[in-house]
Amino acid sequence: MGFFGGVEAGGTKFVCIVADAAGVVQAETRFATTTPDETLGRTIAFFEEQASAYPMQAIGVASFGPLDLDPASPTYGYITNTPKPGWAGVDFAGRLRAAFGLPLGFDTDVNAAALGEYLWGAGRGADPVAYFTIGTGIGGGFIVHGKPLHGLVHPESGHIGIPRGAGDVFGGVCPYHGDCFEGLASGTALRQRWGQPAETLPDDHPAWQLEAEYIARALVNVILLISPQRIVLGGGVMQRALLFPLVRRKTAQLLNGYVGSPALGEEIENYIVPPLLGGYAGALGAVALGMQAAGGEGQ
Ligand code: ZN
């Protein structure tokens, strides 16, 4: 059986794993994100150490962004204009390719997590799959016909516009758009709007009704635009158990019966769902990107 490397490159930590083609993790390491030289050095050293026990066919990278994903671009595989010090303009994909000479999959962290959930987690059997992470920020990725959706660049669905709730005058926290989805509903927005971290807001706080409404309004847009067969919602804010039933109910209310599918009626519990891959979502998604780069299509 072949093995594949996966790198979840986050702004605060890296997770590197080796997994087989069934997504079973064989080896892993985690370390803090520091300078590009030190962090990519540790990444390369990990795969060199594992290579004799687990000969790898390809490596995948699920990275924080923004990223250049245009194969025709001279800066393909680069991290572009991130505010993270030292990381803007780093040739992430090129450095790993030069170290190993293996096929390399490279995509955003949310597209990778969407792919991992599609192959091995909560998105299995559905296509398209929409995946949102709702945490400090908000990101969204889509699997369409078995592959992450790319276009002009990659979807930035955390920044779509959503209508405001009645009486909400909070300005929003997005530095680009103010009151976009991330600006109104990210964990950062929750903290600034209510003056305390989201995890300290009690269940009966009005914050959660408004939060569920904003998430539902975003999901309505996504449902109407790309008609996903399943929506997976991850990230720290979604750890609040009461959100899932609230978001499902409000999404159905807002659609008001317009989309005629049982997925939005009696089966909505199986339509808007939490992820299943937990702490491995990004890294296993990266493994899946590696498999697609090797031409294995995840089989
Ligand atoms: Zn925005």
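The following paragraphs examine the structure supplied in this document. (Residues numbered from 1 in each chain as written. Predicted model: local features only at pLDDT ≥ 70, side-chain atom pairs only at ≥ 80, totals over all residues. Heavy atoms only, no water.)

**Side note on the coordination of the zinc ion**
The criterion, for reference: For Na, K and Ca the donor cutoff is 3.2 Å, while for all other metals N, O and S atoms count as donors only within 2.8 Å; water does not appear among the atoms, so some sites may look incomplete. Here a site with four donors is tetrahedral if all angles are between 85 and 135 degrees, and a site with four or six donors is square planar or octahedral if opposite donors are over 155 degrees apart and the other angles are between 65 and 115; anything else gets the irregular label. Numbering of helices and strands runs from the N terminus; a helix is a DSSP stretch of H or I covering at least four residues, while a strand is a stretch of E covering at least two. Only protein chains enter the accessibility calculation, which uses a 1.4 Å probe; a residue whose area is less than 20% of its type maximum is buried, one above 50% is exposed, and one in between is partly exposed.
Donor atoms from the polypeptide that bind the zinc ion are H159 (ND1), C174 (SG), H177 (ND1) and C180 (SG), placed at 2.1 to 2.3 Å. Coordination at the zinc ion is tetrahedral, judged from the 4 donor atoms that bind it and the angles of 103 to 121° they form at the metal. Expressed as a motif, the donor residue spacing for the zinc ion is H-x14-C-x2-H-x2-C. Of the two residues, H159 sits in the loop between β8 (147–148) and α4 (181–185) while C180 sits in the loop between β8 and α4, which places them 21 residues apart along the sequence. Of the residues examined, C180 reaches a relative accessible area of 3% and is grouped as buried.

**Thoughts on the pairing of strand β2 (residues 13–20)**
Worth spelling out the cut-off: Strand pairing is defined by DSSP finding a minimum of two bridges between the two strands.
Of all the 8 residues making up β2, 7 are buried; the element is thus mostly covered by neighbouring parts of the structure. Bridging between strand β1 (residues 3–9) and β2 involves 7 bridges; their strand directions are antiparallel. Note on β2: the bridge partner recorded for F3 is D20. The turn linking β1 back onto β2 is made up of 3 residues.

**What to know about helix α6 (residues 206–226)**
What counts, and what does not: What a helix should span is 1.5 Å times the count of its residues minus one.
Given a rise of 1.5 Å per residue, 21 residues ought to cover 30 Å, and the 31 Å separating the end C-alpha atoms of α6 matches this to within 8%. Following α6 by one or two positions, S227 adopts a phi angle in the positive range, close to 50°.

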